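Geometric and topological summary
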Amino acid sequence: MSDYRDWKTAISIRDASWENLQRLHACQVAAIEILTKPDTWEQLCWQEIRQNTDATGIELWTVHLPFSAQVDISLPDVPARKQTLDMHKSIIKSAAGIGVKHFVLHPSSEPISDEERSLRMEMAKVSLRELADWADSLDAVICVEDLPRTCLGHTADEMLELLSVDDRLRVCFDVNHLLTIYGTTHEEFVKRLGSKIVTTHMSDYDFADEKHFFPGMGMLNWKALVEALEQADYRGPFLYEGGFSPSSWMPEIPYATYEEARERHLRIKELTGKNYCGK
């Protein structure tokens, strides 16, 4: 059983510049995830990112692989899917070269109809097996993220099916992607997949759709979630994936500062009834 007080504060970011990492360090953010995009991933200078994280003492915990309707490991079109896999492999090779161990991956895009769901699941599983091999050869792991709406991986059952193709696959638990309509609760998800969860995307929501609110702004029972993850012996960071700037994709998201992220982390710690030990 793990102890929530040992989980580091972490944030998913796009800007890994020296200036931004200094801001994160000043706010006592201990680790980061870098979100890569389909149209800009080739511009990333991984050696510079490594120098910046080393200089600030911030851990480069995960890299989030690109995703879009065209960048999708479940595409039935073989050339298009190969293009996606080649992109992912290139990023994994470069980032693993500077020591990154965890790569977060969306198992699909959307929408996916009921009629094509079985085929898309099979294509995703073929891709996951190939990427698990590639990552393992570079001493890294693929972390499959649960997704909302009609995306693949929207229930515990689907996540277990996706993971079944290779025992080396792990889970990124996005807690605001479990929608009431599909019936999987957070406690059930952690109970069934807890041994595979190695990283998180933490944010709040209304259970009807993803919102990426900051904790306390939605309906999630944070005390119950933290206790479930502790029981599952989760030892990764408390990694926020929320709005730190205005979003054109989801303009209703109230955006916040890094300082507020840290403060909310401390408030959630207080809900457990434990004394905060400064980690």
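Each value, and the rule that gives it
Here the residue numbers are simple positions, counted from 1 along each chain's written sequence. Predicted model: local features are reported for residues with pLDDT of at least 70 only, side-chain atom pairs are reported and counted for 80 or more only, and whole-chain, interface and lining totals are derived from all residues. The basis for every side-chain value is the complete set of non-hydrogen atoms in the structure, without hydrogens or water. Secondary structure is summarised from DSSP: a helix means a run of H or I of at least four residues, a strand means a run of E of at least two, and numbering begins at the N terminus for each. When we talk radius of gyration, it's over C-alpha atoms, and the globule rule is simply 2.2 Å times the number of residues to the 0.38. Using a 1.4 Å probe on the protein chains alone, a residue whose accessible area is under 20% of its type maximum counts as buried, one over 50% counts as exposed, and one in between counts as partly exposed. Contacts are residue-level and defined by heavy atoms, with any inter-residue pair within 4.5 Å sufficient. To be clear on the numbers: accessible area is Shrake-Rupley with a 1.4 Å probe, and residue cover counts the displayed protein chains and nothing else. Polar contacts here mean pairs of N or O atoms no more than 3.5 Å apart (in protein, one a potential hydrogen donor and the other a potential acceptor; neighbouring residues in sequence count only if both atoms are side-chain atoms). Paired strands, in this sense, are two strands between which DSSP finds at least two bridges. Note on geometry: axes are C-alpha line fits, over the in-contact stretch for helices, and angles between N-to-C directions span 0 to 180 degrees. Definition used for salt bridges: Asp or Glu carboxyl oxygen within 4 Å of a side-chain nitrogen of Lys or Arg.

Details of the overall build of the protein
Within the protein one finds eight helices and eight strands. A globule of 279 residues ought to have a C-alpha radius of gyration of about 19 Å, and the protein, at 18 Å, matches this closely. Taken across its 279 residues, the protein has 54% of its residues classed as buried. Summarising the internal contacts of the protein: among those between residues at least 6 apart in sequence, 75% fall at separations of at least 24. Accessible surface, the protein: about 12,300 Å² in total, of which carbon and sulfur atoms supply 51%.

Observations regarding the side chain of Ser 108
Position of Ser 108 relative to the elements: it lies in the loop between β4 (102–105) and α4 (114–137). Residue classification places Ser 108 among the buried residues on the basis of a relative accessible area of 4%. A polar atom in the side chain of Ser 108 sits 2.9 Å from the backbone nitrogen of Leu 152. Every residue in contact with Ser 108, bar those within four places of it in the chain, is listed here: Asp 72, Ser 74, Leu 147, Cys 151 and Leu 152.

Some details on the sheet that holds strand β5 (residues 141–145)
Here eight strands make up an open sheet; going across it, the order is β7-β6-β5-β4-β3-β2-β1-β8 and the pairing parallel. In this open sheet, the two edge strands, each paired with only one partner strand, are β7 (197–201) and β8 (238–240). Across this sheet, the average inter-strand angle for adjacent strands is 30°, counted without regard to direction. The sheet contact formed by strand β6 (residues 170–174) and β7 spans four bridges and is parallel.

What about the pattern of salt bridges?
Two side chains that carry opposite charge are able to pair once their charged atoms sit near each other. Applying the stated criterion across every chain yields a total of 22 salt bridges. One salt-bridge network, in which partners are shared between bridges, spans Glu 110, Arg 149, Asp 209 and Glu 210.

Notes on the environment of Met 1
Mapped onto the elements of the fold, Met 1 is located in the segment before β1 (9–13). The class of Met 1 is exposed, set by a relative accessible area of 60%. C-alpha of Met 1 to C-alpha of Asp 233: the two residues are 232 residues apart in sequence and 4.3 Å apart in space. Setting aside its immediate chain neighbours within four residues, Met 1 contacts Glu 230, Gln 231, Asp 233 and Arg 235.

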